[in-house]
Amino acid sequence: MNRSTLSLLAGTAALAAITGFASMSEPAAATKEPERAAAVLPVERTSLLCPAPSTSDIADTAVTSFTPVTRGTESAGKAELTAATEESADGKGGKTGKKKAGKPVVTPKAPGTPATGDTSGSDAPALIGSAEGKFAPGWTVQETTEVAAGTGRGLQGVNCTPPDTSFWFPGASTDADRTDYVHLTNPDDSAAVVDIELYGKDGAIASQVGENLTVPPHSSEPILLSTLTPEKQTNLTVHVNVRSGRVGAAVQALDDKIGGDWLAAATDPAGSLVLPGIPKDATAVRLIAFAPGDADADLTVKLASPTGLITPAGNGELHVKAGMTAAADLGDITRGEAGSLVLTQTGRSVPVVAALRVVRGKGAAQETAFIPAAGAVGARATSADNNAKGSTLSITAPRAGAQVKVTASAGSEGGTAASKTFTIKGGTTQDVAAPTPSGGKGGYALTVEPLSGGPVYASRTLAATEGGVPGFTVQTLSDDRGTVSVPRARQDLSVLQK
């Protein structure tokens, strides 16, 4: 098409669909024409980054890719997940300094059907993913790793995330039993420069080693937290601040005695937070919170149970000093019922970040997972890797009630999708009887779509018992940003471009 014939509307729509950009409408006083509703269009491109799954030689990892079916998408498109690039050999035992393309780990299938690839051992790479066209809206990828023995043994899971410039991780640790890594993955052609800031119970922890860290292009770097400070801190908040470029970030928290899991980034600092989907058989729950500003926060702690909001005995409040990490042990707070934590404030609202460390099992048969404060499901959210025996979907409506549709995709080895609708009462958490694919085989995705009512929050627990140890991992489900609102142009200005 000749550039001079492009309308302003077409250019604006393309920009917004690619970048997620949406401009504000001009003031009503500037025109006498009535306001026109913004168009909601599918995004056209999506990027996801996955950390290297394990340092264990006996780790087995499944990488699952899924794109939900979205109306209005193009018929064409592509998606790929490849290993972070490496230096090429020169044939003489040296390195050329040039980069070679990583091999695909999993080949995504058409929207509506999950695809799974497998990797194993400590050499399994970090992944850089991109999707275009029909594969982009709501693209979701998860890594699920089984580690049979050793530090961090159990089930570990993490959702791959878009690149960004700031990440908060309350719940990390440099305790003697913990081995925590911050994984930084750079998808771009230029190096990224990153600061890793640490905050303990007494405030900021000085660490020149954590400043100006360089992450080379198309690569991933695991940073061991204990190399950044000699201090042993049971409860740490980690802030990844990107000075230049952008990265994906996640914390791998491994314990010598009670297993381990990935600690995903918490949602942005806010005055009220929801931490959804504490397993009903949790034996120990710890709340970790941090106030990044210059004011203290007084949090009111509530448990959204199946019957309503309740105050945990002896743990109804948590005082968080500015710049310091606070923690509270909540014990077996759910007492055999579904539950989510709801944090609010009375009076002055101070932005905070928070996460939960959750333990299942007793004695030598304990396993750990983490639940960061999450964003709402929004228009739609998906968990990519599920099975009928081990998956539990928890949905929370912290304020007003809501009606929610849950769809199980076709299985990775066949079958057809199935949907159910659930009503979640305000102030409650429900472990819903999620549907399974009709005649399906293999793993499947679960997609949550609110139909009416107030905001909802969700998480999926995946469990598998290995050698008597109740392995499990929890992933929160936040809005997949599969669509973007594009303001409609008031006038086609193509005539002015001749």
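Draft legend 1. Molecular detail of the overall build of the protein. The secondary structure content of the protein amounts to 1 helix and 38 strands. Within the protein, the fraction of its 498 residues that count as buried is 52%. For the protein, the proportion of contacts with a sequence separation of at least 24, taken over those separated by at least 6, is 80%. Taken as a whole, the protein presents about 22,000 Å² of accessible surface, with 50% of it coming from carbon and sulfur.

Draft legend 2. View of the pattern of salt bridges. One pass over the structure, following the stated rule, counts 9 salt bridges. For R178, the salt bridge is made with D180, and the minimal N-O distance between the two is 2.8 Å. For the residue pair R178 and D180, the accessibility class agrees, reading buried in each case. When the shortest N-O distance is used, the salt bridge between R243 and D195 registers 2.6 Å.

Draft legend 3. Spatial organisation of the environment of A328. Examined against the element boundaries, A328 turns out to sit in strand β26 (residues 325-331). Once the C-alpha coordinates of A328 and R286 are considered, the two residues, 42 residues apart in sequence, prove to be 5.7 Å apart. Apart from residues no more than four positions distant in its own chain, A328 is found in contact with V285, R286, L287, N315 and L318.

Draft legend 4. Broad picture of the pairing of strand β8 (residues 115-120). Burial along β8 is one-sided: A115, G117 and T119 are buried, while T116, D118 and S120, pointing the other way, are not. Looking at chain direction, strand β3 (residues 59-66) and β8 are connected through 6 bridges and run antiparallel. From the neighbouring strand, T61 faces β8, where its bridge partner is T119.

Draft legend 5. Fine view of the packing of aromatic side chains. The full count for this structure, using the stated rule, is 4 aromatic pairs. Between the aromatic rings of F167 and F169, the centroid separation amounts to 6.5 Å while the plane-to-plane angle is 15°, which identifies the pairing as stacked. With a relative accessible area of 6%, F167 lands in the buried category. Ring geometry for W168 versus F290: centroids 5.6 Å apart, planes at 35°, classification tilted. Taken as a pair, W168 in strand β12 (residues 166-172) and F290 in strand β22 (residues 282-290) lie far apart in primary sequence, 122 residues in all. You'll find W168 and F290 in the same group, each marked buried. Each member of the aromatic cluster is reached from another via a ring pair, and the members are W168, Y199 and F290.

Draft legend 6. Representation of the state of the cysteines. Within the structure shown, the criterion is met by 1 disulfide. Note that C50 is cross-linked by a disulfide to C160, the S-S spacing being 2.0 Å. Judged by the sign of its S-S torsion, about 115°, the cystine formed by C50 and C160 is right-handed. Placement of the pair is C50 in strand β2 (residues 45-50) and C160 in the loop between β11 (154-159) and β12, with a sequence separation of 110 residues. For the pair shown, C50 and C160 are each scored as buried.

Draft legend 7. Focus on the sheet that holds β22. The sheet built from 4 strands is open, its strands ordered β26-β22-β28-β29 with antiparallel pairing. Sheet topology places β26 and β29 (365-372) at the edges, where each strand pairs with a single neighbour. Along the sheet, successive strands turn relative to each other by an average axial angle of 20°, direction set aside. In this structure, strand β28 (residues 353-362) lies alongside β29, joined through 8 bridges in antiparallel fashion. Bridging across to β29, G361 finds its partner in Q366.

Draft legend 8. Spotlight on unusual backbone geometry. Positive phi values are uncommon outside glycine, yet N212 reaches one of about 55°. Counting through the fold element by element, N212 comes out in the loop between β15 (203-205) and β16 (213-215).

Draft legend 9. Molecular detail of the sheet that holds β3. Across the sheet, 4 strands lie side by side as β8-β3-β10-β11; this open sheet has antiparallel pairing. Where the open sheet ends on each side, the last strands, each with one partner, are β8 and β11. Within this sheet the neighbouring strands show an average axis-to-axis angle of 20°, counted without direction.

Draft legend 10. Inspection of the side chain of Q142 at higher detail. For Q142, the location among the structural elements is in strand β10 (residues 140-147). For Q142, the side chain forms a polar contact with the side chain of Q475, separated by 3.3 Å. Each residue touching Q142, except ones within four places of it in the same chain, is listed here: A62, V63, T64, G157, V158, N159, S383, A384, D385, R460 and Q475.

What counts as what
Residues numbered from 1 in each chain as written. Predicted model: local features only at pLDDT ≥ 70, side-chain atom pairs only at ≥ 80, totals over all residues. Heavy atoms only, no water. Helix = DSSP H or I, 4+ residues; strand = E, 2+ residues; numbered from the N terminus. Buried < 20%, exposed > 50% of the residue type's maximum accessible area, 1.4 Å probe, protein only. Contact = heavy atoms within 4.5 Å. Areas by Shrake-Rupley, 256 points an atom, 1.4 Å probe, with all protein chains shown as cover. Salt bridge = Lys/Arg side-chain N within 4 Å of Asp/Glu carboxyl O. Pairing = 2+ DSSP bridges. Phe/Tyr/Trp six-rings, centres within 6.5 Å; stacked < 30°, edge-to-face > 60°. Disulfide = S-S within 2.5 Å. Axes fitted to C-alpha atoms, helices over the stretch in contact; angles between N-to-C directions. Polar contact = N/O pair within 3.5 Å; in protein donor to acceptor, adjacent residues only side chain to side chain.

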